[in-house]
Structure formats: structure tokens, C-alpha cells
Amino acid sequence: MRGFTLFAVLFLAACGTPAEKAAPPVAFAKLSPDPVTHSARVSAILGCSGCHGKDLTGEDWSEAGYGRLWTANLTVSAAGYSDAQLKNVITRSKKPDGTPLWDMPSHLFSQLADADLDALVAFIRSKPPTGEAHPPPTFGPILKAEMAKGVYFSSAVKVEREGAAWPPDVGPEHKLARYIVRATCAECHDMDLRGGKAGPVTGDRPDIRIAGSYDDKDFVRLLRTGVPAGERKLGLMAEVARGRYGQFTDAEIAAIHAYLKAVAQRDP
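Not measured: the values here are computed from a predicted model.

**Points about the overall build of the protein chain**
Then, number 1: In terms of helices and strands, the protein chain carries 14 helices and two strands.
Then, number 2: Taking all 268 residues of the protein chain together, the buried fraction comes to 38%.
Then, number 3: Excluding contacts between residues fewer than 6 apart, the proportion of contacts in the protein chain whose partners are at least 24 apart in sequence is 60%.

Here it is, written out as C-alpha cells:
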């Protein structure tokens, strides 16, 4: 009898109890039951239209010395992919044939929840095929020199190097905000959120722990309008706030603010 009792205790300990439930998945809030409306918000926050254009038909980013650089016409290219293939392109920066993408921030999307990946696919699928596919990139002398130095490389390589990285962990209560910050703020401020020196696009990138010192009202204004405390003029951040972060819910903004405060306190 004693042996049976011991077996039962070990069996229940291994299997858990019925009261134990998996934590709810972390993802952007679903504000509308309409999948296209929801997916449009997720896509806006993650910046898809900023690179591929409002209609997702791609844009010409070519510049003298850099080369011929187009973002993909997603309405055409995605039509040839299954949903699984499209998700892999988004998160791994590789086409189904293994061709790597360039300047695609897939390292930010490598940890997206299934629900948010589904939303991106739904948004892309909502656009009818329009126009032609754009040519593959050709690299000018400036980018070739950066390649030789090892400072410019494909997005697939970026995923291999940073696809598993996360911003600071300051407790399970900040799980949602950490998830959101990873997919958004880390694009310019890096996974450690400490920013860096001036770049050709981002300019100087401050350590965003400083935002933890904002009061609630100023932080909301920063994310909704791009106007920081002290009325300083911001460049890229102002554009990103108005075009992307203005789509955050009040709860998402509050969560991000609380997370940055906690990061500033525990990981100064």
C-alpha cells in the first residue's frame, strides 16, 4: 500500500494539478473582431508600410553609391508563398529557395507570437496583387566596402546573431511590455535598449531607460506625438511615434512605461 501511495504522489507531482493553467499568450491587443482591422493595427505598429509603402507594393530606396535597393512588392511576392512560407520569410529573412533578404528587420520579428504573425499574413493577404515584382538588390561601392569590413550583412545573418536575444528581463509582470519593446523600440535602441552612436538613418540613439523618468502624461505624449519632455525636436522618433506608436492602446503604453521604469531601476 505504501508503494502505491508513493507512486500516486510522484505521478501527480509530475503531471501537475487541474488547477494549473498555462499563462495566456502574449500578443498585441485585439481591438476589433474584424481580422483585417486588427491586422492593420499590428502591421502599422511593426512598420510594414513604412518600408513597403501603404499599399505594400514596395518602394525604391536606391541611392548613389549604395546601389539599387527596392523593398519587395508584397502583394505580388506573397501570392506565391504559403502562409507557413510567408511567416518564415518574415521571421527568418529567407525566401523559400534560401535566398536571404537585406535590410529586413526580421530579428525583431523572430519571436513574434503566432497571433501577431497571423495578423501580418492576414494584412498582406488583404491587399490585391498590384504592379510588378521589383528587381533584386545590387550593391554599390559604399555597401561593398561595408560588406568587406563585416559591418553590412544580410538580414538572415542578423537573425542568426540576434534572433534569440531579448531586452532586459525585469519580472513576469512586465512580460507584455518586454515583448512589445523587443518588436519595436529595439529596432533603433538595440536589444539592450542602450542605443548607440549616430547612424545614417537613426541618428543618435539614446539609452531609453531615460524614458522611465518621464511622468505618465509626458510619456503618453512622447509615444503618441513624438514630442519629448522639454519640447526638444526629435527626428526619426517623432516620425515613428506619429506613424506607428500612436497605434498603441493606452494599456500598452502604460505597460511599456512601467517596464522602462523597472529596467532603469534594476538594470541601470
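Read on for the rest.
**A word on the layout of surface pockets**
Then, number 1: Of the pockets and cavities examined, the second largest pocket occupies roughly 190 Å³.
Then, number 2: In terms of lining, the second largest pocket is formed by Val26, Gln111, Trp166, Asp169, Gly171, Pro172, Lys175, Arg178 and Tyr179.
Then, number 3: Per-class residue counts for the lining of the second largest pocket are four nonpolar, two polar and three charged.

**Description of the packing of helix H12 (residues 216-225) against helix H14 (residues 250-266)**
Then, number 1: Where H12 meets H14, the axes come as close as 10 Å, and the angle between the chain directions of the two elements is 115°. Every pair of crossing elements has a handedness; the one defined by H12 and H14 is right-handed. Contacts from Asp216, Phe219, Val220, Leu223 and Arg224 in H12 reach Asp250, Ile253, Ile256, His257, Leu260 and Lys261 in H14.
Then, number 2: Grouping the constituent residues of the contact of H12 with H14 by class yields six nonpolar, one polar and four charged.

Reading guide: rules and limits
- Residues numbered from 1 in each chain as written.
- Predicted model: local features only at pLDDT ≥ 70, side-chain atom pairs only at ≥ 80, totals over all residues.
- Heavy atoms only, no water.
- Helix = DSSP H or I, 4+ residues; strand = E, 2+ residues; numbered from the N terminus.
- Buried < 20%, exposed > 50% of the residue type's maximum accessible area, 1.4 Å probe, protein only.
- Contact = heavy atoms within 4.5 Å.
- 1 Å grid on protein atoms, 1.4 Å probe; cavity = no way out; pocket = protein on both sides within 12 Å on 5 of 7 lines; lining within 4 Å.
- Points joined across faces, edges and corners; volume = space filled by probe spheres on them.
- Nonpolar A, V, L, I, M, F, W, Y, C, P; charged D, E, K, R; others polar.
- Axes fitted to C-alpha atoms, helices over the stretch in contact; angles between N-to-C directions.
- Left-handed = near helix turned anticlockwise from the far one by under 90°.

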